[in-house]
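Structural overview
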Amino acid sequence: MRASLPLCLVALGIIAVAGASCKPSSGSGGQGAGPTGGASVSQGASVAIHPGNLVDDGLVARYYLDEAASGQQPSVALDAASDPVHLTIRYSNANEGGAGGGGSGPGTGGMAPAATYIEDGEGHRGLHFPAAEMTDVAYTKIAGTKFTADFNTKKTATYEVVAEIVAVSSSLSRLSHIGTGTGHTLSLETDSPSLIQFTLNDDHGHYASTQLGQLGRAVYHAVLDIEATDPKHRVKFYVNGSRILTLSPNENLDMNTTIELDPAAYYCIGNRYEIDEDDGRGRSIQGTIYYSAIYKTPFTADQVLHNTAVLLVSDDTPLE
C-alpha cells in the first residue's frame, strides 16, 4: 500500500523533526505522548487525532517490545506480523537466578546490570539496556524462516527502530541485525554517539552523522535499494522522518549486489547473538529499544514520514 501523509502531521501542518512528536492533549484519550525530554507539539484541541495505522508494505517482522512494563518475566519478544517468528530473550543474569531468559551469558554474580523491560513516563514500553556492551539480546535463528525467504539474494530492505541511545560500543552496537559470528550481513548499528550506520555483507561503508545521545526517544529508518539508479540513494537514513546525508559514496554497492545470508545467521534486536570470546563482552547500546521492524521493500519518504508520526505517538501494540 502507498500511505497518505499522517493525519496528525496534516492537522499540525508540520514535519516531524528530531525531538518532536505529535502529542495528544492531556485527558483526550489519545494513545500516548511524545518522547521524554524531547520537545512536543500540542495539537491545541481537546480531542486528539488518532495517529493512524503503520504502513505494512513489505512487512516481514514487527516487534512492539511491550510484553511487560517492568522486569524480566517475558521470555520471548512477540512478532506482530504474519507468519510470526518470535524472539527468545537472553538476560545476562539468567544463570545467576534472574527471571526469564532464553539462554545464559557470562557469570555476573547477580550484580552486573542486565536488560529489563521498562515503561517510561509517557507510557512507552521497551527493552532497556543499562550499560553498553552487555550480552542481553532478543534473537532467533533465521534458517527456514521468512527472514531467509524474504531477504536472501534480494536487493531491498527497510529497517525501522524506535530507540533512546545513551552510549554505544566502539565495536559496533547492533540495533536491529542479521549476522553470524562477528559478521554484519544486514545490520542497523552504531559505533559512535555521532553516527548511525548500515552494513551490508560486511561492507561498513554506509553511515550518516546524527547526535544520537541528544535525541532522546527517536525513530530511525535505514532504507536499502540496491537497484536505485543513483548510488547516493542506495542506502538512505532518516531520523524522526527527516532524511540525513549518507556520508559514504556507495559506489562499491553496485546494482549487481545482493543480500547474502548465511543459513547459520541470527536475527537479533539489541545485540549480536555471539558473545566476545576474549572478554565476554556483547554489543548492546546503553539505552532502550522500544520497537523494531524490518520490511523487504524500500520505503518511500512519505512512508517513512507516516510511520514516524505514528511511532512518535505510540510504538506499542495499537489499542483495538
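Quick summary incoming for the structure in this document. Residue numbers restart at each chain and count upward from 1, following the sequence in its written direction. Residue-level local features of this predicted model are given only where pLDDT is at least 70; pairs of side-chain atoms are given and counted only at 80 or more, and the full residue set underlies all totals for whole chains, interfaces and linings. With hydrogens and water stripped out, all remaining heavy atoms of the structure feed into the side-chain values.

Right, let's get into the packing of aromatic side chains. Two aromatic rings from Phe, Tyr or Trp, using only the six-membered ring of Trp, form a pair when their centres are within 6.5 Å; if the ring planes differ by under 30 degrees the pair is stacked, by over 60 it is edge-to-face, and anything between is tilted. Summed over the entire model, instances satisfying the criterion amount to seven aromatic pairs. Ring centres of tyrosine 295 and phenylalanine 299 lie 4.4 Å apart, and the angle between their planes is 45 degrees; this geometry places the pair in the tilted category. Note on accessibility: tyrosine 295 and phenylalanine 299 belong to one class, buried. Three or more aromatic residues link up through ring pairs in this structure, and these residues are Tyr63, Phe147 and Tyr267. The rule for a charge over a ring is simple: NZ of Lys or CZ of Arg within 6 Å of the ring centre, and within 35 degrees of the ring normal. When the ring centre of tyrosine 273 is taken as origin, the NZ or CZ atom of arginine 90, which lies over that ring, is 5.1 Å away. One residue, arginine 217, lies across the ring of tyrosine 290, its end atom 5.8 Å from the ring centre. Burial status follows relative accessibility: with a 1.4 Å probe on protein chains alone, a residue under 20% of its type maximum counts as buried, one over 50% as exposed, and anything between as partly exposed.

Before going further, it helps to spend a moment on the nonpolar core. One finds Tyr63, Phe147, Ile178, Leu186 and Leu224 to be the most contacted residues of the largest nonpolar core, which totals 53 residues. Helix numbering and strand numbering both begin at the N terminus, where a helix is a DSSP run of H or I of at least 4 residues and a strand a DSSP run of E of at least 2. Here this core gets five residues from one element, more than from any other, and that element is strand β9 (residues 156-167). Residues count as neighbours in contact if any of their non-hydrogen atoms are within 4.5 Å of one another. When neighbours within four sequence positions are excluded, leucine 186 is seen to be in contact with Phe151, Ala157, Tyr159, Ser176, His177, Ile178, Phe198, Thr199, Leu200, Leu224, Ile259 and Ile294. Nine residue types can take part in a nonpolar core, namely buried Ala, Val, Leu, Ile, Met, Phe, Trp, Tyr and Cys, and a core is a set of them joined through side-chain atoms within 4.5 Å.

To continue, consider helix α3 (residues 301-313). Expected span of a helix, by definition, is 1.5 Å for each gap between consecutive residues, and there is one gap fewer than residues. In this model α3 runs 19 Å from its N-terminal to its C-terminal C-alpha over 13 residues, within 8% of the 18 Å that 1.5 Å per residue would give. Burial analysis of α3 places 11 of its 13 residues in the buried class, which makes it a mostly covered element. Along α3, the positions that sit buried rather than exposed are Gln303, Val304, Leu305, His306, Asn307, Thr308, Ala309, Val310, Leu311, Leu312 and Val313.

Before going further, it helps to spend a moment on the environment of methionine 134. In this fold, methionine 134 is placed in the loop between β7 (125-129) and β8 (137-141). The exposure class of methionine 134 is buried, given its relative accessible area of 6%.

So, on to the sheet that holds strand β17 (residues 266-269). With antiparallel pairing, the eight strands of this open sheet are ordered in space as β4-β5-β8-β17-β10-β11-β12-β13. Of all the strands in the sheet, the pair left with one neighbour each is β4 (76-77) and β13 (203-209). Whether two strands pair depends on DSSP finding at least two bridges between them. Alignment of strand β12 (residues 195-200) against β13, held across five bridges, turns out to be antiparallel. The partner of phenylalanine 198 across the bridge, within β13, is histidine 206.

Taken across its five residues, strand β11 (residues 186-190) has five buried, putting it largely inside the fold. Side-chain alternation along β11 places Leu186, Leu188 and Thr190 on one buried face and Ser187 and Glu189 on a second face that is also buried. One ladder, built from five bridges, connects strand β10 (residues 173-179) with β11; its direction is antiparallel. Bridge pairing in β11 places arginine 174 opposite glutamate 189. Pairing between β11 and β12: four bridges, direction antiparallel. From the neighbouring strand, glutamate 189 faces β12, where its bridge partner is glutamine 197.

On to the side chain of threonine 258. As for its placement among the helices and strands, threonine 258 is situated in the loop between β16 (242-244) and β17. Ignoring sequence-local partners within four residues, the contact set of threonine 258 consists of Thr153, Lys154, Lys155, Asn201 and Ile226.

It is worth spelling out unusual backbone geometry at this point. A positive phi angle, close to 50 degrees, is found at aspartate 83, a residue other than glycine. Summarising the element assignment, aspartate 83 is placed in the loop between β4 and β5 (87-90). Here the phi dihedral of aspartate 202 falls at roughly 65 degrees; this positive angle occurs in a residue that is not glycine. With respect to the helices and strands, the residue aspartate 202 is situated in the loop between β12 and β13. Given a relative accessible area of 43%, aspartate 202 falls into the partly exposed group.

Turning our attention to the pattern of salt bridges. Only one rule defines a salt bridge in this text: a Lys or Arg side-chain nitrogen within 4 Å of an Asp or Glu carboxyl oxygen. Applying the stated criterion to the full structure yields 10 salt bridges. The residue arginine 281 makes a salt bridge to glutamate 133 at a minimum N-O spacing of 2.6 Å. Of this pair, arginine 281 sits in the loop between β17 and β18 (286-295) while glutamate 133 sits in the loop between β7 and β8, and the two are 148 residues apart along the sequence. Among the charged side chains, a salt-bridge network with shared partners connects Glu133, Asp276, Arg281 and Arg283.

Tracing the backbone through its elements, the reader meets alanine 265 in the loop between β16 and β17. A relative accessible area of 0% places alanine 265 in the buried class.

Another aspect to go through is the pairing of β5. Sheet topology places β4 next to β5; two bridges connect them, and they run antiparallel. Directly across from alanine 77, in β5, lies its bridge partner leucine 87.

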